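# Overview (structure and organization)
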Amino acid sequence: MRAATSRSLRERIQSQLADLKMPGALEALDEILSRIDGGQLAGAATIDALLQAQITLRNNRRLQAAMRSSRLPAIKTLDEFDFTFQPSIKREQIESLHQLGFIERKENVIFLGPPGVGKTHLALSLAVATAQSGRRIYYGSLGDLVTSLEEAQTAGRLVHRLKTLTHPSLLIVDEIGYLPISRNGAMLFFQLMSRRYEHAATILTSNKGFEDWGAIFGDDVMAGALIDRLLHHCHIVNIRGNSYRIRDHRDIWPSLTSSDEPPSPPKRRTKPRKEAVTT
Ligand SMILES: Nc1ncnc2c1ncn2[C@@H]1O[C@H](COP(=O)(O)OP(=O)(O)OP(=O)(O)O)[C@@H](O)[C@H]1O
Ligand SMILES: [Mg+2]
């Protein structure tokens, strides 16, 4: 057993961490010092543990702040995602997206697939990672976003609302395809996506293939122009599989899910980008 850290040294480190405003490291200090004294931690690993404690606290604070302002409905993480349940998903692609290069490059991610296959879960886990990196995020279902744009238009504040929704580094547009939207609402959403195009990253989820987006937006031409912009710099994650929600009811899978008929991949001239696989 090593000599225990002296009381004066402990107090000196405590006051230095307080002075540097590192409450996460300060809180972890006692535990780290006992691990050092007990011989379980030594050398550079000590510095790593101390800094990691501070970074964890900072990231949690960033996430809490984002939860208040971004309307994120829940916290989901990649660690909680069971890839074995959804073999059509390429794990490397999802892990690579979590490196957040797509945010830097202002690219889009589109999750397609039937209900319950993890589209929102993965969109939220990317949003959590983005918020923890200190970037601004905003979440809405297509219906909610369109309603907020329509309300702003009625109140004569459309330009302001469009600016607000263009600003975040990441916007999540969830549930495209479940509820119909008005033609005016579709036009407002098109304006928003045009503003974000090559300006900031957007994640979209849909249970419908692109060939059905004309019906969702009530206009084939506008839907085509929207898809054209979205797919120019885009990662498509096409999930084919069964709903995780009803994983314990295998007997009714065939009747409730359309795993044999996945949404069609895009028919379009521009090739979607593939996220570089990081090893
Ligand atoms: N592979 C998985 N591993 C762990 N949890 C999962 C997985 N897939 C989905 N879930 C969980 O199942 C629930 C439904 O998933 P999610 O909301 O992501 O589905 P969805 O594809 O968005 O469905 P919908 O089209 O109905 O909105 C969530 O609680 C999610 O966390
Ligand atoms: Mg969903």
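What this report covers is the structure whose coordinates are included nearby.

## Notes on the overall build of the protein chain
Scanning the protein chain from terminus to terminus reveals 12 helices and five strands. In the protein chain, buried positions account for 46% of the 279 residues. A fraction of 79% describes how many contacts in the protein chain between residues 6 or more apart in sequence connect residues 24 or more apart. As displayed, the protein chain has an accessible area near 15100 Å², and 51% of this comes from carbon and sulfur atoms.

## A look at the packing of aromatic side chains
Describing an aromatic ring pair means giving the distance of the ring centres and the angle of the ring planes. Considering all chains together, one arrives at five aromatic pairs under this definition. Between the aromatic rings of Phe81 and Phe83, the centroid separation amounts to 5.1 Å while the plane-to-plane angle is 75 degrees, which identifies the pairing as edge-to-face. Pair check on accessibility: Phe81 and Phe83 agree, each one buried. Relative to Phe217, the ring of Phe189 lies with its centre 5.8 Å away and its plane at 10 degrees, an arrangement referred to as stacked. One end of the pair, Phe189, is in helix α9 (residues 183–196); the other, Phe217, is in helix α10 (residues 213–217), with 28 residues separating them in the sequence.

## Quick word on empty space enclosed by the protein
In this structure the tally under the stated criterion is one cavity of 30 Å³ or more. Taken as a whole, the largest cavity spans an internal volume of roughly 50 Å³. Looking at the largest cavity, the residues that line it are Asn108, Met193, Arg196, Tyr197, Ala200, Thr202, Arg229 and Leu230. Listing elements by their share of the lining of the largest cavity, those giving two or more residues are α9 and α11 (220–232).

## Some remarks on the site of ligand 1
In the vicinity of ligand 1 there are 15 residues, among which Gly116, Lys119, Thr120, His121 and Tyr178 approach most closely. One of the backbone N or O atoms of Val117 is found 3.2 Å from an oxygen atom in ligand 1. Between ligand 1 and the protein, one listed contact pairs an oxygen atom with a backbone N or O atom of Gly118 at 3.1 Å. Expressed as a share of its isolated accessible area of 630 Å², the protein-covered part of ligand 1 is 86%. The residue inventory of the shell around ligand 1, partitioned by class, reads six nonpolar, four polar and five charged.

## Structural notes on the sheet that holds strand β5 (residues 234–238)
A sheet is described by the order of its strands in space; here five strands give the open sequence β2-β3-β4-β1-β5, paired in parallel fashion. Two strands lie at the open edges of the sheet, namely β2 (137–141) and β5, each paired on one side alone. This sheet shows a mean twist of 10 degrees between the axes of neighbouring strands, independent of strand direction. The sheet contact formed by strand β1 (residues 108–112) and β5 spans five bridges and is parallel. Bridge pairing links Asn108 to Cys234 in β5.

## Side note on the nonpolar core
Counting 33 residues, the largest nonpolar core has Leu142, Val173, Phe189, Trp213 and Phe217 as the members making the most contacts within it. Where this core is concerned, the elements lending two or more residues are β1, α7 (142–154), α8 (158–166), β3 (170–176), α9, α10, α11 and β5. Leaving out residues up to four positions away in the same chain, Trp213 has contacts with Ile176, Ser206, Lys208, Ala223, Leu226, Ile227 and Leu230. Leu63, Ala66, Leu72 and Ile103 belong to the second-largest nonpolar core, a separate cluster that totals 31 residues.

## Considering the pairing of β2
Counting buried positions over the five residues of β2 gives five, a clear majority of the element. Burial of β2 is two-sided: the residues Ile137, Tyr139 and Ser141 facing one way and the residues Tyr138 and Gly140 facing the other way are all buried. Here β2 pairs with β3 via five bridges, running parallel. When the bridges of β3 are listed, Tyr139 appears paired with Ile172.

Each value, and the rule that gives it
- Residues numbered from 1 in each chain as written.
- Chains lettered and ligands numbered in written order.
- Predicted model: local features only at pLDDT ≥ 70, side-chain atom pairs only at ≥ 80, totals over all residues.
- Heavy atoms only, no water.
- Helix = DSSP H or I, 4+ residues; strand = E, 2+ residues; numbered from the N terminus.
- Buried < 20%, exposed > 50% of the residue type's maximum accessible area, 1.4 Å probe, protein only.
- Contact = heavy atoms within 4.5 Å.
- Areas by Shrake-Rupley, 256 points an atom, 1.4 Å probe, with all protein chains shown as cover.
- Phe/Tyr/Trp six-rings, centres within 6.5 Å; stacked < 30°, edge-to-face > 60°.
- 1 Å grid on protein atoms, 1.4 Å probe; cavity = no way out; pocket = protein on both sides within 12 Å on 5 of 7 lines; lining within 4 Å.
- Points joined across faces, edges and corners; volume = space filled by probe spheres on them.
- Near = heavy atom within 4 Å.
- Polar contact = N/O pair within 3.5 Å; in protein donor to acceptor, adjacent residues only side chain to side chain.
- Nonpolar A, V, L, I, M, F, W, Y, C, P; charged D, E, K, R; others polar.
- Pairing = 2+ DSSP bridges.
- Axes fitted to C-alpha atoms, helices over the stretch in contact; angles between N-to-C directions.
- Core = buried A, V, L, I, M, F, W, Y, C linked by side-chain atoms within 4.5 Å.

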